[in-house]
Amino acid sequence: MIRDASASYLHGHSPVPGPTTALADPLRMPEEAGRAVPPGAAGASWWDRPLPPLFAPVGTRDPLLDDTRRLEKALAALNVPCEARYYPGGIHAFHALVWDPAARRCWRDALAFLDRNLRPA
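The structure reproduced in this document is the subject of the present report.

The rules behind these values
Residues numbered from 1 in each chain as written. Predicted model: local features only at pLDDT ≥ 70, side-chain atom pairs only at ≥ 80, totals over all residues. Heavy atoms only, no water. Salt bridge = Lys/Arg side-chain N within 4 Å of Asp/Glu carboxyl O. Helix = DSSP H or I, 4+ residues; strand = E, 2+ residues; numbered from the N terminus. Expected span 1.5 Å × (residues − 1). Buried < 20%, exposed > 50% of the residue type's maximum accessible area, 1.4 Å probe, protein only. Pairing = 2+ DSSP bridges. Right-handed = clockwise from strand over helix to strand, strands pointing away. Core = buried A, V, L, I, M, F, W, Y, C linked by side-chain atoms within 4.5 Å. Contact = heavy atoms within 4.5 Å. Phe/Tyr/Trp six-rings, centres within 6.5 Å; stacked < 30°, edge-to-face > 60°. Lys, Arg positive; Asp, Glu negative; His and termini not counted. Polar contact = N/O pair within 3.5 Å; in protein donor to acceptor, adjacent residues only side chain to side chain.

1. A closer look at the pattern of salt bridges
Then comes step 1: One pass over the structure, following the stated rule, counts eight salt bridges.
Then comes step 2: Arg85 is the salt-bridge partner of Glu83, the closest N and O atoms lying 3.0 Å from each other.
Then comes step 3: Here Arg116 ties to Glu83 by a salt bridge, and the two come within 2.5 Å at their closest N and O atoms. Highlighted residues: Arg116 in helix H4 (residues 101-117) and Glu83 in strand S2 (residues 82-87), separated in sequence by 33 residues.
Then comes step 4: Within this structure, Asp25, Glu31, Asp67 and Arg70 form a network of salt bridges that share partners.

Structure representation (structure tokens):
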């Protein structure tokens, strides 16, 4: 289903990154920014402001697991605080299953992250 959705999203364009699909994968922006232009350097047009800390929860059975790992790595290269949390056995949107102890742990982790990062200085 994910492959079909991707193919439909790309409307026949190649899945190989190129000019016509440059923004089809939003993770490419922080990945490329980390490689090409250091944050704050001349020419860093859209990346010239610091990003806020990010909380990235994901289950280990979620199809977005690899994307979360990519995001964590890309943000680390940009020195952006990223608290990626991996929940064993969690499926996509597992946090909505409020009866699941892992979901409750995810919500506690998310709220603790917000508490730490939204307190006035």
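From this point on, the discussion continues.
2. Brief notes about helix H3 (residues 65-77)
Then comes step 1: The first and last C-alpha atoms of H3 sit 19 Å apart over 13 residues, in line with the 18 Å expected at 1.5 Å per residue.
Then comes step 2: Within H3, burial applies to Leu65, Thr68, Ala74 and Leu75.
Then comes step 3: Asn79 sits one or two positions beyond H3 and adopts a positive phi of about 60 degrees.

3. Observations regarding the pairing of S2
Then comes step 1: Sheet topology note: the strand S1 (residues 54-59)/S2 ladder contains six bridges and is parallel. When the bridges of S2 are listed, Ala56 appears paired with Ala84.
Then comes step 2: With H3 bridging S1 and the parallel S2, this β-α-β connection has right-handed handedness.

4. Points about the nonpolar core
Then comes step 1: Counting residues in hydrophobic clusters, the biggest one holds eight residues: Phe55, Tyr87, Phe94, Ala102, Ala103, Cys106, Ala110 and Phe113.
Then comes step 2: Among the elements that make up this core, the one with the highest residue count is H4 (five residues).
Then comes step 3: Those residues within four positions of Ala102 in sequence are excluded, and the remaining contacts are Tyr87 and Phe94.

5. Some remarks on the packing of aromatic side chains
Then comes step 1: This model, assessed by the stated rule, comprises two aromatic pairs.
Then comes step 2: Measuring from centroid to centroid gives 5.4 Å for Phe55 and Phe113, while their planes differ by 35 degrees, and the two rings are tilted. Placement of Phe55 in strand S1 and of Phe113 in helix H4 is noted, with a sequence separation of 58 residues between them. The burial state of Phe55 is the same as that of Phe113; both residues are buried.
Then comes step 3: Residues Tyr87 and Phe94 carry aromatic rings whose centres are separated by 5.2 Å and whose planes lie at 40 degrees to one another, so their mutual orientation is tilted.

6. Comments concerning the side chain of Asp62
Then comes step 1: Structurally, Asp62 is set in the loop between S1 and H3.
Then comes step 2: Here Asp62 is buried and forms no salt bridge, its nearest opposite-charge partner Arg61 lying at an N-O distance of 10 Å.
Then comes step 3: A distance of 3.1 Å separates polar atoms of two side chains, one belonging to Asp62 and the other to His92.
Then comes step 4: Other than its neighbours up to four places away in sequence, Asp62 contacts Gly90, Ile91, His92 and Ala93.

Don't take any of this as a statement about function, it's just geometry.
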